[in-house]
Amino acid sequence: MTAQKKSRVLSGMRSTGKLHLGNYLGALANWVGLQDKYDCFFFIADWHALTTDYADTSAVKQNSLEVMLDYLAAGLDPERSTIFLQSHVPQHAELHLLLSLITPLGWLERVPTYKEQRENIKDKDLGTYGFLGYPVLQSADIMMYKADYVPVGEDQVPHIEFTREIARRFNGFYQCRGRAVFPEPQPLLTPAAKVPGTDGRKMSKSYNNTILLSEPEASVRQKLKTMVTDPARVRRSDPGNPDVCPVGDLHKIFSNQETLAKVDAGCRSAGIGCIECKGWAADAMVTRLAPIQQRRKKYEDNPKLAWDILDAGSARAATVAEATMDEVREAMHMSQQYSPPAPGAGGSGGK
Ligand code: TRP
Ligand code: SF4
């Protein structure tokens with residue numbers, strides 16, 4: 001039997017602190033399912049976090065740990081996946097520098113997230129070289145492992161497209177022993193359920209409407225109590241429509257068929273109240289979170305365990321990264337090895 005080599009997958013999240021249900025259902029849960037089929041690399045992008053949070057870096061280490069705890073809690077498995085910390089694989093910085101040399105400024109200025117963030121984030125000065133170069137660092141992350149697929153949400157597709165263009169440009173300029181160094185990675189779009197936050201908008205840290213993967217049960221229940229509902233259902237006696245209600249959306253994500261049917265009928269006939277309905281949504285959510293929080297607890301109680309896994313993963317990632325960098329350095333004539341002059345090439349020495 002000839003085992004086909006598994007395709008490689010790489011993805012990461014910035015170290016922004018504890019992850020929420022939107023992060024989980026939008027990305028992490030999907031990654032967990034990829035671990036059997038693919039050779040997976042998942043990492044924590046702590047340098048990327050600093051592209052916006054450079055002025056005060058005091059939280060970055062704890063934030064990286066929190067992301068790691070959530071990765072492990074969600075079911076990323078260090079036996080099957082390489083889980084690492086970006087800043088502990090310094091080869092990323094070297095590749096970022098080399099890629100920056102061939103990156104046209106216009107390509108960076110055209111990246112949609114760049115313009116959006118410059119307009120939306122007003123409390124930080126994002127007029128930095130590092131922030132403009134965010135997609136170059138992301139390209140280095142992806143290209144370093146010669147990833148075939150990058151599981152991401154819709155919003156990240158321009159960054160993958162950017163990476164493909166940089167890889168193509170690199171391969172056009174430089175080859176290692178006559179061969180292209182980098183494949184062009186493709187996005188692996190996550191079939192993501194949009195999780196509504198407590199205010200009915202998309203769940204997002206910047207909206208302050210999140211429910212954390214590590215949210216304690218009492219707090220889940222409290223947050224759901226204040227969640228917005230179908231605005232047409234003002235009084236208990238008004239019928240509602242679960243299809244336009246954020247709590248109805250939560251039921252579709254978390255509840256079983258039986259509860260869904262009860263919600264649908266009860267809401268439309270005003271047979272149930274919103275308080276009761278929210279209680280059922282909380283039950284379903286708490287049930288889903290329980291095994292995740294149980295796994296998290298083991299590492300929360302002993303964070304050294306999580307750091308050790310991250311260190312081992314980073315060491316493993318670094319061996320792959322160093323092999324790629326060997327090819328990159330050779331392709332760019334930066335390799336430290338002496339290469340004897342080709343026969344008949346004259347006396348000008350190695351190049
Ligand atoms: N930019 C990504 C985000 O904000 C995080 C990230 C950094 C990433 N490097 C990456 C994602 C490489 C995929 C691959 O979500
Ligand atoms: Fe929303 Fe449930 Fe209230 Fe209907 S009964 S409006 S689905 S919270």
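All figures in this text were calculated on a predicted structure; none of them were measured in a lab.

Asker: With reference to specific residues and values, describe helix H11 (residues 246-254).
Answerer: A large share of H11 lies buried, amounting to 7 of its 9 residues. Within H11, burial applies to Pro246, Val247, Gly248, Leu250, His251, Ile253 and Phe254. Buried residues along H11 sit in contact with helix H1 (21-34), helix H10 (217-225), helix H12 (257-268) and helix H13 (274-300).

Asker: With reference to specific residues and values, describe the packing of aromatic side chains.
Answerer: The tally for this structure, following the rule as stated, stands at 11 aromatic pairs. Taken together, a centroid distance of 5.7 Å and an interplanar angle of 50 degrees make the contact between Phe173 and Tyr174 tilted. Taken together, the ring pairs connect Phe41, Phe43, Phe84 and Tyr145 into an aromatic cluster. The ring of Trp107 carries the charged tip of Arg169 above its face, separated from the ring centre by 5.6 Å. The ring of Tyr207 carries Arg201 above its face, with NZ or CZ at 3.9 Å from the centroid.

Asker: Let's hear about the pattern of salt bridges: which residues, and what values?
Answerer: All chains considered together, the criterion is met by 27 salt bridges. One salt bridge in this structure joins Arg164 and Glu184, with 3.5 Å as the shortest N-O distance. Of this pair, Arg164 sits in helix H9 (residues 157-173) while Glu184 is found in the loop between H9 and strand S5 (186-189), placing the two residues 20 residues apart along the sequence. Across the pair Glu217 and Arg221 runs a salt bridge whose closest N-O atoms are separated by 3.0 Å. In this pair, Glu217 and Arg221 are both assigned in helix H10, 4 residues apart and thus about one turn of the helix distant. For Arg221, a relative accessible area of 28% gives the class partly exposed.

Definitions and limits used
Residues numbered from 1 in each chain as written. Chains lettered and ligands numbered in written order. Predicted model: local features only at pLDDT ≥ 70, side-chain atom pairs only at ≥ 80, totals over all residues. Heavy atoms only, no water. Buried < 20%, exposed > 50% of the residue type's maximum accessible area, 1.4 Å probe, protein only. Helix = DSSP H or I, 4+ residues; strand = E, 2+ residues; numbered from the N terminus. Contact = heavy atoms within 4.5 Å. Phe/Tyr/Trp six-rings, centres within 6.5 Å; stacked < 30°, edge-to-face > 60°. Lys NZ or Arg CZ within 6 Å of the ring centre and 35° of its normal. Salt bridge = Lys/Arg side-chain N within 4 Å of Asp/Glu carboxyl O.

Keep in mind these numbers describe shape, not what the thing actually does.
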